[in-house]
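# Secondary and tertiary structure notes
For reference, the chains in residue letters:
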Amino acid sequence: MNQEYSGSGDPARSLELLWRRRPQPTRGPKPALTVEGIVEAAVRIADAEGIGAMSMRRVADELGAGAMTLYRYFPGKGELLDVMLDTVYGELPRREVDGDWRARLDEVARENRELYLRHPWMLQIAVSRPPLGPHVMAKYEYELEAVEGIGLTDVEMDATVALVNGYVHGAVRTDVEARQVIQRSGMTDKEWWLAHVPHLDKIADAQQFPLATRVGTTVGNEFDAPYDSDHAFEYGLARLLDGVSALVENRSGPKVRKKL
């Protein structure tokens, strides 16, 4: 995957674009393009062809405009990437969830997974310096609300949200890569499994690798493949939430007074 970076553009211009603070002209001809239209075109290209195919010239071609026209709206690709990310974060439903913090955090994970699967190019953008737009801020606010008031410190709340988002990012990345392998090879996981196992049985020594043979065979029979992304996601998310639950329960448990 090609790697891009958010927050790589001019900070003043990025924030101006993210929050739509750029003054609109009151005189003269109506602008041929809009920030929203440019971003929509860029997202369409990234969805269909990957972020590597998205360039200022490619977006201009999509809109039937000259490449230099886009620079009247965006200084460069860095600022455009920031607004693209903030825009798609705005698609998150942020649903009201009945239940405790675990149900809310579970929903956070699932909403993020759905968004990544809809826009897999997001996985190719490093966001250690996130675009600080309105949708990014609203996303962070919503996710923190899932763990507000459950006994965690502010730093732990932030770390818990980051932990869930990091887990989802890694799980979806593996999922997307598995789907791309199927598309590019023209072979399903089951077909790959059936093609390799007969040869492996002739070469590998089951007695030398008893655990790998037993467990691998069980998994293969269970999923008709060496890996199932849905099962892996569900299992990993449940174990992650179990860990957070243990921390919360430890904080809310009875306090033992030390003897003087």
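Everything that follows concerns the structure shown earlier in this document.
Description of the structure in this document. Just so it is clear, the structure is predicted and the values come from calculations on it, not from any experiment.

The rules behind these values
Residues numbered from 1 in each chain as written. Predicted model: local features only at pLDDT ≥ 70, side-chain atom pairs only at ≥ 80, totals over all residues. Heavy atoms only, no water. Helix = DSSP H or I, 4+ residues; strand = E, 2+ residues; numbered from the N terminus. Rg over C-alpha atoms; globule rule 2.2 N^0.38 Å. Expected span 1.5 Å × (residues − 1). Bend = angle between axes of the 7 residues up to and from the residue. Core = buried A, V, L, I, M, F, W, Y, C linked by side-chain atoms within 4.5 Å. Buried < 20%, exposed > 50% of the residue type's maximum accessible area, 1.4 Å probe, protein only. Contact = heavy atoms within 4.5 Å. 1 Å grid on protein atoms, 1.4 Å probe; cavity = no way out; pocket = protein on both sides within 12 Å on 5 of 7 lines; lining within 4 Å. Points joined across faces, edges and corners; volume = space filled by probe spheres on them. Nonpolar A, V, L, I, M, F, W, Y, C, P; charged D, E, K, R; others polar. Patch = residues over 30% accessible without salt bridge, like charges linked within 9 Å, V, L, I, M, F, W, Y side chains within 5 Å. Areas by Shrake-Rupley, 256 points an atom, 1.4 Å probe, with all protein chains shown as cover. Salt bridge = Lys/Arg side-chain N within 4 Å of Asp/Glu carboxyl O. Phe/Tyr/Trp six-rings, centres within 6.5 Å; stacked < 30°, edge-to-face > 60°. Lys NZ or Arg CZ within 6 Å of the ring centre and 35° of its normal. Axes fitted to C-alpha atoms, helices over the stretch in contact; angles between N-to-C directions. Parallel < 35°, antiparallel > 145°, perpendicular 65-115°, else oblique. Polar contact = N/O pair within 3.5 Å; in protein donor to acceptor, adjacent residues only side chain to side chain.

A tally of regular secondary structure across the protein chain gives 11 helices and two strands. For the protein chain, the succession of helices and strands along the chain, N to C, is β-α-α-α-α-α-α-β-α-α-α-α-α. For 260 residues, the compact-globule estimate of 2.2 N^0.38 gives 18 Å, and the C-alpha radius of gyration of the protein chain, at 24 Å, exceeds that figure by more than 25%. If one aligns the C-alpha atoms of the protein chain with their principal axes, the spans along those axes are about 80 × 70 × 30 Å.

With that settled, consider helix α9 (residues 189-203). Taking 1.5 Å of rise per residue, the 15 residues of α9 would be expected to cover 21 Å, and the 21 Å separating its terminal C-alpha atoms lies within 8% of that figure. The sharpest bend along α9 comes to roughly 30°, located at V197, with the proline P198 sitting one to four residues further on.

Membership of the largest hydrophobic core comes to 59 residues, with the highest contact counts inside it found for M54, V59, F74, L80, M84 and W121. Not counting residues within four places of it along the chain, the set of residues in contact with F74 comprises L17, V35, I38, V39, M56, E79, L80 and V83.

This next bit is on the layout of surface pockets. Summary: where empty space remains is shown by rolling a probe the size of a single water molecule over the atoms. Of the voids in this model, the largest pocket is the one considered here, and its volume is about 490 Å³. Along the walls of the largest pocket sit 19 residues, with V127, P130, V136, K139 and N165 positioned nearest its centre. Where the lining of the largest pocket is concerned, the elements lending two or more residues are α6 (101-118), α7 (134-145) and α8 (154-185). Residues belonging to the lining of the largest pocket are distributed by class as follows: 11 nonpolar, five polar and three charged.

As a further point, take a nonpolar patch on the surface. The grouping of L15, W19, L132 and M137 at the surface amounts to a nonpolar patch, some 350 Å² of accessible area in total. One can find W19 in the loop between α1 (11-18) and α2 (35-49).

Here the focus is the packing of aromatic side chains. Counted by the stated rule, this structure contains one aromatic pair. In this arrangement the basic side chain of R113 is found over the ring face of F233, its NZ or CZ atom lying 4.4 Å from the centre. Taking the ring centre of Y235 as reference, the NZ or CZ of R239 above it sits at 5.0 Å.

Under the definition given, this model contains one cavity of 30 Å³ or more. Each pocket or cavity is described by its volume, and for the largest cavity that value is around 40 Å³. Around the largest cavity, the lining residues are L85, Y89, Y116, M122, I125, V127 and H169. Across the lining of the largest cavity, the residue classes break down as six nonpolar, one polar and no charged.

Inspection of the secondary structure assignment puts L80 in helix α5 (residues 77-89). A C-alpha to C-alpha distance of 10.0 Å links L80 and L70, two positions 10 residues apart in sequence. When sequence neighbours within four positions are dropped, the list of residues in contact with L80 reads I38, V39, A42, M54, M56, V59 and F74.

Turning our attention to the side chain of N165. Its place among the elements puts N165 in helix α8. Since its relative accessible area comes to 18%, N165 is described here as buried.

Packing of α7 against α8 leaves a shortest axis separation of 10 Å and a crossing angle of 105°. Considering the angle they form, α7 stands roughly perpendicular to α8. Only M157, D158, V161 and N165 of α8 make contact with α7, whose side of the interface consists of K139, Y140, E143 and L144. Of the residues that constitute the contact of α7 with α8, the class distribution is four nonpolar, one polar and three charged.

Time to look at the environment of R251. If you trace the backbone, R251 turns up in helix α11 (residues 229-252). Each C-alpha atom of the pair R251 and R20 lies 43 Å from the other, and the pair is 231 residues apart in sequence. Sequence-distant contacts of R251, defined by excluding residues within four places in its chain, comprise G151, L152, T153 and E156. There is a polar contact of 3.5 Å between the side chain of R251 and the backbone oxygen of G151.

Backbone geometry places R94, a non-glycine residue, at a positive phi of 50°. Looking at the element boundaries, R94 is found in the loop between α5 and α6. By relative accessible area, R94 is classed as partly exposed at 23%. Positive phi is not limited to glycine here, since D224 has a value of about 55°. Mapped onto the elements of the fold, D224 is located in the loop between α10 (210-223) and α11. The partly exposed category is assigned to D224, whose relative accessible area is 37%.

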